[in-house]
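One-letter residues, chain by chain:
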Amino acid sequence: MGEILELHDVSLSFKGVKALNALSFKVRKGEICALIGPNGAGKSSLLNVINGVYRAQSGDVLFDGTRFESIHPRKAAHLGIGRTFQHNALFRRLSVQENVLAGLARHGRTVFLENIFRFGRDTEERHSFEARARRIIAFLGLEAHRDTIVSTLPYGIQKRVDLARALVADPKLLLLDEPMAGMNQEEKQEMSRVIAEVNRTFGTTVVLIEHDVGIVMGLAHHVVVLDYGRKVADGAPEDVRNDPEVIAAYLGTVH
Ligand SMILES: Nc1ncnc2c1ncn2[C@@H]1O[C@H](COP(=O)(O)OP(=O)(O)OP(=O)(O)O)[C@@H](O)[C@H]1O
């Protein structure tokens, strides 16, 4: 299997602060790749470059063999890059089903509100979207919450709804920004199991940011460690765990 994502010498600065410093690495099709590193290391900035929220000042990003310079997040979604955010990007006053349908809004012929409020012009499309939403809701064990308003759900379940919203469009590459942030150990284990199952069942390549090194070591096939926008390690979890530079930069520090 080849690479789905390649970054070559990618740099990004904010008013002199180098968020990413000549960063290069590759993600293979079908793997779970974890990005770890201290606060401010550049992890979120990197996801933002990959899905077009930020534009790198130099370097190349190749997705599925195609180089892109400046890509609009909507185009990235169309090409097959799905994304969740550190702070849920959910519609708090809408139901789980409506939020999951929102994940398809960028992919349809009818507009988002028409899909949500069921007065779409394109009935066939609406039915197919609803069927996809139902499948993903069932897959992620959210059936009991389908019609529940998102803001009333526990945080751990909301994070799973956010995952469903990103997954419903069947992305080739799924970017997860701290999908387990704020969870207790049991919730983290459960989310970790769900991500592994998504990866196994759909073959979705996953790039995720996670601070809990124990969770990362159990879940990821590939770990990239960042510090001050630079890559300090890149390899299999067991190799990265024993790398002296990683221990100094990250694992040895209390986070
Ligand atoms: N929009 C922005 N404007 C200015 N500076 C920014 C912006 N986004 C990120 N930065 C800076 O870029 C650097 C990298 O930040 P980034 O959020 O990517 O790190 P991170 O590894 O995701 O951190 P965290 O673990 O805290 O989320 C930091 O110094 C941050 O202050």
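Since the structure is predicted, the reported quantities are computational estimates derived from the model, not experimental observations.

Quick notes on the rules
Residues numbered from 1 in each chain as written. Predicted model: local features only at pLDDT ≥ 70, side-chain atom pairs only at ≥ 80, totals over all residues. Heavy atoms only, no water. Pairing = 2+ DSSP bridges. Helix = DSSP H or I, 4+ residues; strand = E, 2+ residues; numbered from the N terminus. Axes fitted to C-alpha atoms, helices over the stretch in contact; angles between N-to-C directions. Expected span 1.5 Å × (residues − 1). Buried < 20%, exposed > 50% of the residue type's maximum accessible area, 1.4 Å probe, protein only. Arc of directions from axis to C-beta. Contact = heavy atoms within 4.5 Å. Phe/Tyr/Trp six-rings, centres within 6.5 Å; stacked < 30°, edge-to-face > 60°.

A. Summary view of the sheet that holds strand 4 (residues 58-63). The sheet built from four strands is open, its strands ordered 2-1-4-5 with antiparallel pairing. Strands at the two margins of the open sheet, each flanked by one partner only, are strand 2 (17-28) and strand 5 (66-68). For this sheet, the mean angle separating the axes of adjacent strands, direction not counted, is 25°. As judged from the five bridges shared by strand 1 (residues 3-14) and strand 4, these two strands associate in the antiparallel manner. By the bridge assignment, Leu-5 is partnered in strand 4 with Phe-63.

B. Molecular detail of helix 5 (residues 123-139). Spanning 17 residues, helix 5 covers 24 Å between terminal C-alpha atoms, matching the ideal 24 Å at 1.5 Å per step. Inspection of helix 5 places Glu-125, Arg-126, Phe-129, Glu-130, Ala-133, Ile-136 and Ile-137 among the buried residues, and these make up the whole buried set. Buried residues along helix 5 cover an arc of 130° about the axis, so they all sit on one side. Exposed side chains of helix 5 directed beyond 90 degrees from the buried face belong to Glu-124 and Arg-135. Looking at the residues trailing helix 5, positive phi occurs at Gly-141, about 65°.

C. A look at the environment of Ala-56. Within the element layout of this structure, Ala-56 appears in the loop between helix 1 (43-50) and strand 4. For Ala-56, a relative accessible area of 17% translates into the label buried. Expressed as a C-alpha distance, the spacing of Ala-56 and Ile-71, which sit 15 residues apart in the sequence, is 11 Å. Each residue touching Ala-56, except ones within four places of it in the same chain, is listed here: Val-10, Ser-11, Leu-12 and Val-49.

D. Highlighting the pairing of strand 4. By the bridge criterion, three bridges tie strand 4 to strand 5 in an arrangement that is antiparallel. Among the inter-strand pairings, Val-61 is bridged to a residue of strand 5, identified as Phe-68. Remark: two residues form the turn of the hairpin made by strand 4 and strand 5, two consecutive strands paired antiparallel; Asp-64 in that turn has positive phi of roughly 50°.

E. Molecular detail of the packing of aromatic side chains. Under the defined criterion, the tally for this structure stands at two aromatic pairs. An angle of 75° between the planes, with centres 5.2 Å apart, marks the rings of Phe-14 and Tyr-54 as edge-to-face. Taken together, the residues Phe-14 in strand 1 and Tyr-54 in the loop between helix 1 and strand 4 connect sequence positions 40 residues apart. Taking the relative accessible area as the measure of exposure, Phe-14 reaches 36% and is therefore partly exposed.

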